[in-house]
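Examining the three-dimensional arrangement
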Amino acid sequence: MSPNLSQLPSDLPRPVDDGAAGHLEGSVLPSVVLHATDGKAVNLAELKGRLVIYVYPMTGRPDVPLPDGWDGIPGARGCTPQSCGFRDHFGELKALGTGVFGLSAQTIQYQSEARERLHLPFHLLSDPALLLKGAMGLPTFTVAGMELFKRLTLIAEDGKIRKVFYPVFPPDRNADDVLLWLRSDAQPIAASDAA
């Protein structure tokens, strides 16, 4: 029987901060071109405005078993609830002038299926060659012969990374945590500016 990918097990192990993302805040998005689920090639260095890029290991599919021991790997389980959280809060993020991309090492075909099945109003990026591991030092782990990204979330403005969430736990609260940070980071309009 396939697990319910939308629900997290109550005994999900908490990932620890191993310092693998400590170098990212303040760095810039590299000139790396990834394919998006709308068929476009996206150069990360050319992205403008404020953007959330949530990086996740692997979205499960109802018809494909998860790798053996998946639920026991800290930070592995929860890609579907994380994506659905960003879907459900997309309007709030958009109102704050923030775009969203999801990103994993899965193929563009896999990403397209996930986007359609989960009704995501934003696009997913595919990095099966792990270009961002080399270009940015994004952390990875290996399971069942696959090298996958560890879960983390970046907030970038005009290509510069302003905030990194790592480790992300629980994954279904990631969008809430991002919104909380964005709202606390918002600069109030000065009285003279509002006139």
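Coordinates for the structure precede this section.
What you see is a predicted model, and the numbers here were worked out from it, not measured in a lab.

1. Remarks on the environment of E25
As for its position among the elements, E25 is in the segment before β1 (33-36). E25 sits in the partly exposed class, given a relative accessible area of 47%. Along the primary structure E25 and T59 are separated by 34 residues, whereas in three dimensions their C-alpha atoms are 26 Å apart. Not counting residues within four places of it along the chain, the set of residues in contact with E25 comprises I161, R162, K163 and V164.

2. Thoughts on the layout of surface pockets
If you add up the space inside the largest pocket, you get close to 190 Å³. Every residue lining the largest pocket is counted, 14 residues in all, and those nearest its centre are P15, P74, G75, K150 and Y166. Of the residues contributing to the lining of the largest pocket, the split by class is 10 nonpolar, one polar and three charged.

3. Structural notes on unusual backbone geometry
With an omega of -10°, the peptide bond between Y166 and P167 qualifies as cis. With respect to the element layout, P167 can be found in the loop between β9 (160-165) and α5 (174-185). Looking along the chain, the bond that leaves F169 and enters P170 is cis, with omega of -10°. Following the sequence through the fold, P170 ends up in the loop between β9 and α5. Unlike most non-glycine residues, L130 shows phi in positive territory, near 55°. Residue placement: L130 occurs in the loop between β5 (123-126) and α4 (131-136). Residue D158 is not a glycine yet carries a positive backbone phi of 50°.

4. Comments concerning the packing of helix α1 (residues 79-88) against α5
Two elements in contact, α1 and α5, have axes whose closest approach is 7 Å; the angle formed by their N-to-C orientations is 45°. The angle between α1 and α5 falls in the class oblique. Here Q82, G85 and F86 of α1 lie close against α5, whose contacting residues are N174, A175 and V178.

5. As for α5
In this model, α5 (12 residues) spans 16 Å end to end at C-alpha, consistent with the 16 Å of a helix rising 1.5 Å per residue. When α5 is considered as a whole, its buried residues turn out to be N174, A175, V178, L179, W181, L182 and D185. One side of α5 holds all its buried residues, which, seen down the axis, span an arc of 165°. Exposed positions of α5 whose direction lies more than 90 degrees from the buried face are L180 and S184. Against the buried residues of α5 lie β3 (50-55), α1, α2 (90-95), β4 (98-104), β8 (152-157) and β9.

Rules and cut-offs
- Residues numbered from 1 in each chain as written.
- Predicted model: local features only at pLDDT ≥ 70, side-chain atom pairs only at ≥ 80, totals over all residues.
- Heavy atoms only, no water.
- Helix = DSSP H or I, 4+ residues; strand = E, 2+ residues; numbered from the N terminus.
- Buried < 20%, exposed > 50% of the residue type's maximum accessible area, 1.4 Å probe, protein only.
- Contact = heavy atoms within 4.5 Å.
- 1 Å grid on protein atoms, 1.4 Å probe; cavity = no way out; pocket = protein on both sides within 12 Å on 5 of 7 lines; lining within 4 Å.
- Points joined across faces, edges and corners; volume = space filled by probe spheres on them.
- Nonpolar A, V, L, I, M, F, W, Y, C, P; charged D, E, K, R; others polar.
- Axes fitted to C-alpha atoms, helices over the stretch in contact; angles between N-to-C directions.
- Parallel < 35°, antiparallel > 145°, perpendicular 65-115°, else oblique.
- Expected span 1.5 Å × (residues − 1).
- Arc of directions from axis to C-beta.

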